[in-house]
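For reference, the chains in residue letters:
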Amino acid sequence: MSENNTSAHALLGVLSANSVDRIFIVPGESYLGVLDALLDFPNIDTVVCRHEGGAGFMAVAAARAAKRISVVMTSRGPGASNAAIAIHTAQQDAVPLIMLVGQVPKKNLRRGAFQEIDYQMMYGSIAKWVYEVTDPKEMAAATLKAIRIATSGTPGPVVLVIPEDIQQQLVTQPQWKALEQIPGHPSSELVEKVASQIKNAKKPLIIAGGSYESKAGREALRRLAESWQIPVAVSFRRHDIFPTTHDLFVGELGLANAPHQINAFNQSDFILALGTRLGDITTQGYTFPASPIPEQTLLHCYPDEQVIGANFNTQYGMVCNPIALANKLAERAPDNDEKSSLWVKSLRDIYQQSAAWPTPPHANDGVAFWKVVKSVAEHAAKDAIICLDAGTFAAPVYRNFPFHPSQRLVAPLSGAMGYGVPAAIACALNHPGRQVICMVGDGGFLMNGNEIITAVERDLPILFILSNNNCYGSIRINQELEHPGRISGTTLFNPDFSAMAKAFGVQATVVQSEDEINEAICTGLKQKRPAFIEVKSSLDIELHGNFHS
Ligand SMILES: Cc1ncc(C[n+]2csc(CCOP(=O)(O)OP(=O)(O)O)c2C)c(N)n1
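So, a few notes on the structure that sits alongside this text. Because the structure is a prediction, the values reported are computed rather than measured.

**Description of the site of the ligand**
- Residues in close proximity to the ligand total 18 residues, the closest being Thr-392, Gly-415, Asp-442, Gly-444 and Gly-473.
- Here an oxygen atom of the ligand and a backbone polar atom of Thr-392 are 2.8 Å apart.
- Contact between the ligand and Cys-471: an oxygen atom at 2.9 Å from a main-chain N or O atom of the residue.
- In isolation the ligand has 590 Å² of accessible area, and contact with the protein removes 78% of it.
- For the shell around the ligand, the secondary-structure elements that each account for two or more residues are helix H16 (442-448) and helix H18 (473-482).
- Here the shell around the ligand gets four residues from one element, more than from any other, and that element is H16.

See the structure below:
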C-alpha cells in the first residue's frame, strides 16, 4: 500500500500479491481488524468454517491442490488450539501453510491475559517459524518473510501472531510484490557425473517424492524414467506423481509393503531418491535404504540441506531443484542404453501382484468396502480427485486403486483423522467442475463432518462415501494383533448418518448389500451437488483381510 492504511491491509496486501485468493477462517474477537480489512479485498474468498481443525485442514489441502501457500486464520487461545492438528499435518506433509492468530492486546502480552498463549512455546517444535508482530510497521515484511519460510526448503507451517490492537493502526507501506523463488539448479559437472553413474548401474531405482507434485514435476519425472528406463517407486502416499498404470511404476513405499517387495527393491545398485525427504514410513522405519550406510550408491536430491545426509549416508547429496535435476538427467540419456528389462519387469510383476483386487471372502456382517473402492476406480472420471481420511477403509485405495495420469490423491501423510471432508471441500473450491470423491470412516466423519455444510452452501459436486463399520477399525485391527479378543475402547455407537447428511441438505443413500454398490456409485458420481453414500461395511473382512492403512 503506498497510502496510509491499516496493518491488516498491509498483511492482506502482501498475501494477495502472493496469489492468496482464499482464506479459511473461524472468526474471533481477537482479529476483528483483519476481518474488517477483508471487506476491502474482494479478490480474497473468505470461507467461514465450523471448527478450526476443519478450517486448517482445508487450508492444508488447498495448498496441496494448488501447489502454493494457503492461509487459515483463527482466534487466540481456544481457536488456535483447535487448529493445532493442521499445523502438525502441514509439517508432516511438507505443505506451505500460514496460520494467522489474533492475540491479546500488546499491553497485556505475557500477563496470562484472557485466552493468551505464548505461541512460540506452543508451536515452536512443529512450525518452521512463529512470530508475534508487535509493531504494525513490520507487518508487511513479516508476512513476506512468513511466505518465504513456509515455501522454501522443506515447505511447512508458519504461525503469524497479531495482537488485536495493532491490526487497525495506520502504517505506510510500499507496494509489495510477489515473491519469486527458484531453487538452485544442479551444476553441469555433477549432472554429468550422475549420468555416467546411471549408465554404469545395472539396477537403478528411483524413489520419487512430493517435489514432483505439479504438472511440471510429473512431466519431468516421467521424462527421466522413460528416457533411462528406470523403475519408479513413489514415497508414502504420493501415488499420483507417476501413473500407477505405467510400465515403470513399481509401487508405493508405504505401510503395507510385503517383505519380498522390499527385498527386491534392495537388489538395486543405485538409488536415486528424488524430491523425497526419505522419511520414516517411506524408508520402512529407516531400514530401506539401510541407515546410516545404505547398501547401494545413494543419490539424494531435495531442496533442503537439513534433510540431505540426516539419516542416510549419500554419495550424491544434492541440495537443488529435483525437477531441474530430472530434466537435466533426461536430456543426457543415451539413445541406446540397455537397462535390463528383466530388472524392471521383476519389480513391476511384484507390484502388479500386490495391486490385484483381492478375491472376496463372504462377509456376513456387511459390505466389503474394497468393492466400493473398486467400483469408484471403474466409474470415476479420469481426472477425479480422491480425498481420503485416515482409517482402514482407505487401504484398498492405497493398495489397489489404479491412478490414471490425471487423477489426484489428496490424503494426509500425517495420518490425521478428520482430514477427508475438509480436504474435499478445499479441492472442490480449488478445481470447479472437477469430480471430487471423499472417502471417510465413521470415526473420522464425526470429527470434521460438520464442514459438509460448506459443500452445501457452495453447491460443490462432491461425492462423500462413508464406510460405517461401527468401529475405530484401524485401531481394532492393531488391537487384535497385540491383544487378541480383548476389545477395548474401539467400538462405536453411531447416529443415523444418512439422516444426518439429509439434515445438512445433502442427498443421501445407504448401501447395505454388495449388489447395490454400482448403482449408488454411478448415481452419486453424476450429481452436480454434494451427494452422500453410507456403506454398511464389514468389519470382519477388514479384520481378516490384512487391510492396514
Ligand atoms: C485425529 C486422530 N485421532 C486418532 C487417530 C488414531 N487413529 C488412526 S485410524 C483410527 C480409526 C479410524 O476409524 P474410522 O474413521 O472409523 O475408520 P476405519 O479405520 O474404521 O475404517 C484412529 C482412532 C488419528 N490417526 N488421528
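Once the structure has been displayed, the description carries forward.
**Observations concerning the nonpolar core**
- Grouped together as the largest cluster of nonpolar side chains are 59 residues, with contacts concentrated most on Phe-24, Met-99, Tyr-123, Val-159, Ile-462, Phe-464 and Phe-532.
- If we skip the residues at most four places from it in the chain, Phe-464 touches Val-421, Ala-424, Cys-438, Ile-452, Ala-455, Pro-530, Ala-531, Phe-532 and Ile-533.
- Within the second largest apolar cluster, 36 residues are counted, among which are Val-194, Val-232, Val-234 and Leu-248.

**Quick word on the packing of helix H10 (residues 259-266) against helix H12 (residues 341-355)**
- In contact at an axis separation of 10 Å, H10 and H12 are set at 165 degrees when each is read in the N-to-C sense. Between H10 and H12, the interaxial angle falls into the category roughly antiparallel. Crossing angle aside, the handedness with which H10 passes H12 is left-handed. The segment H10 lies against H12, with His-260, Gln-261, Ala-264 and Phe-265 engaging Trp-343, Leu-347, Ile-350 and Tyr-351.
- Looking at the contact of H10 with H12, its residues break down into six nonpolar, two polar and no charged.

**Section: unusual backbone geometry**
- At the junction of Phe-288 and Pro-289, the peptide bond is cis and its omega measures out at -5 degrees in the coordinates.
- The residue Pro-289 is located in the loop between strand S12 (270-274) and strand S13 (297-301) in this model.
- In this structure, Pro-292 follows Ser-291 across a cis peptide bond, with omega equal to 5 degrees.
- Locating Pro-292 in the fold gives a position in the loop between S12 and S13.
- The phi dihedral of Tyr-286 falls on the positive side, at around 60 degrees, and the residue is not glycine.
- Among the secondary structure elements, Tyr-286 is positioned in the loop between S12 and S13.
- One non-glycine residue, Asn-470, lies in the positive phi region at around 55 degrees.
- In this fold, Asn-470 is placed in the loop between strand S18 (462-468) and H18.

**As for the environment of His-544**
- Tracing the sequence through the fold places His-544 in helix H21 (residues 539-544).
- The exposed category is assigned to His-544, whose relative accessible area is 65%.
- The spacing of His-544 and Tyr-302 is 242 residues in sequence and 39 Å in space, taken between C-alpha atoms.

**Some points on helix H20 (residues 517-526)**
- Inspection of H20 places Ile-517, Ala-520, Ile-521, Gly-524 and Leu-525 among the buried residues, and these make up the whole buried set. Down the axis of H20, the sector holding all buried residues measures 125 degrees, keeping them to one side. Every exposed residue of H20 that faces more than 90 degrees away from the buried side is listed here: Glu-519 and Lys-526.
- Against the buried residues of H20 lie helix H13 (369-379), strand S17 (436-441), S18, strand S19 (507-511) and strand S20 (531-536).

**Remarks on the pattern of salt bridges**
- A full pass over the atoms with the stated rule returns 22 salt bridges.
- Among the salt bridges present, the one from Arg-222 reaches Glu-226, with a minimum N-O distance of 3.3 Å. Taken together, the positions of Arg-222 and Glu-226, both in helix H9 (residues 215-228) and four residues apart, correspond to about one turn of that helix.
- Judged by relative accessible area, Arg-222 falls into the partly exposed class, the value being 32%.
- Of the charged contacts in the structure, one is a salt bridge between Lys-536 and Glu-534, with a shortest N-O distance of 3.1 Å.
- One salt-bridge network, held together by shared partners, links Arg-64, Asp-93, Glu-213 and Arg-238.

**Here's the deal with a nonpolar patch on the surface**
- Together, Met-447, Tyr-472 and Ile-475 make up an exposed nonpolar region whose accessible area comes to about 270 Å².
- One can find Met-447 in helix H16.

**Side note on the pairing of S20**
- With five of six residues buried, S20 is to be regarded as a mostly interior element.
- The pairing of S18 with S20 spans six bridges and is classified as parallel. Along S20, the bridge assignment pairs Leu-466 with Glu-534.
- For S19 and S20, the ladder comprises five bridges, and the chain directions are parallel. Within the sheet, the bridge partner assigned to Val-511 lies in S20 and is Val-535.

**Points about the sheet that holds S17**
- With parallel pairing, the six strands of this open sheet are ordered in space as S16-S15-S17-S18-S20-S19. Two strands lie at the open edges of the sheet, namely strand S16 (408-410) and S19, each paired on one side alone. Averaged over all pairs of adjacent strands, the angle between strand axes in this sheet comes to 20 degrees, irrespective of strand direction.

**Brief notes about the environment of Ala-80**
- Within the secondary structure layout, Ala-80 lies in helix H4 (residues 78-82).
- Through-space distance from the C-alpha of Ala-80 to that of Val-440 is 25 Å; in sequence the pair is 360 residues apart.
- Ignoring any residue separated from it by four or fewer positions in sequence, one finds Ala-80 in contact with Thr-74, Ser-75, Met-99, Val-101, Tyr-119, Met-122 and Tyr-123.

**Thoughts on the state of the cysteines**
- Inspection of every chain in the model, using the stated rule, returns zero disulfides.
- Free cysteine Cys-427: the closest other cysteine sulfur is in Cys-387, separated by 3.8 Å.
- Relative accessible area serves as the criterion here: at 0%, Cys-427 is assigned to the buried category.

**Comments concerning the packing of aromatic side chains**
- Across all of its chains, the model carries eleven aromatic pairs by this definition.
- Ring geometry for Tyr-286 against Phe-312: centres 6.4 Å apart, planes inclined by 35 degrees, an arrangement best described as tilted. Residue Tyr-286 is located in the loop between S12 and S13, and its partner Phe-312 is located in the loop between S13 and strand S14 (316-318); the two are separated by 26 residues in the primary sequence.
- Aromatic pair Phe-369 and Phe-393: ring centres 6.1 Å apart, planes at 85 degrees, arrangement edge-to-face. Placement of Phe-369 in helix H13 and of Phe-393 in the loop between strand S15 (385-388) and helix H14 (395-400) is noted, with a sequence separation of 24 residues between them.

Here is what the cut-offs are and how they apply
- Residues numbered from 1 in each chain as written.
- Predicted model: local features only at pLDDT ≥ 70, side-chain atom pairs only at ≥ 80, totals over all residues.
- Heavy atoms only, no water.
- Near = heavy atom within 4 Å.
- Polar contact = N/O pair within 3.5 Å; in protein donor to acceptor, adjacent residues only side chain to side chain.
- Areas by Shrake-Rupley, 256 points an atom, 1.4 Å probe, with all protein chains shown as cover.
- Helix = DSSP H or I, 4+ residues; strand = E, 2+ residues; numbered from the N terminus.
- Core = buried A, V, L, I, M, F, W, Y, C linked by side-chain atoms within 4.5 Å.
- Buried < 20%, exposed > 50% of the residue type's maximum accessible area, 1.4 Å probe, protein only.
- Contact = heavy atoms within 4.5 Å.
- Axes fitted to C-alpha atoms, helices over the stretch in contact; angles between N-to-C directions.
- Parallel < 35°, antiparallel > 145°, perpendicular 65-115°, else oblique.
- Left-handed = near helix turned anticlockwise from the far one by under 90°.
- Nonpolar A, V, L, I, M, F, W, Y, C, P; charged D, E, K, R; others polar.
- Arc of directions from axis to C-beta.
- Salt bridge = Lys/Arg side-chain N within 4 Å of Asp/Glu carboxyl O.
- Patch = residues over 30% accessible without salt bridge, like charges linked within 9 Å, V, L, I, M, F, W, Y side chains within 5 Å.
- Pairing = 2+ DSSP bridges.
- Disulfide = S-S within 2.5 Å.
- Phe/Tyr/Trp six-rings, centres within 6.5 Å; stacked < 30°, edge-to-face > 60°.

Read these as layout, nothing more, since geometry by itself doesn't imply function.
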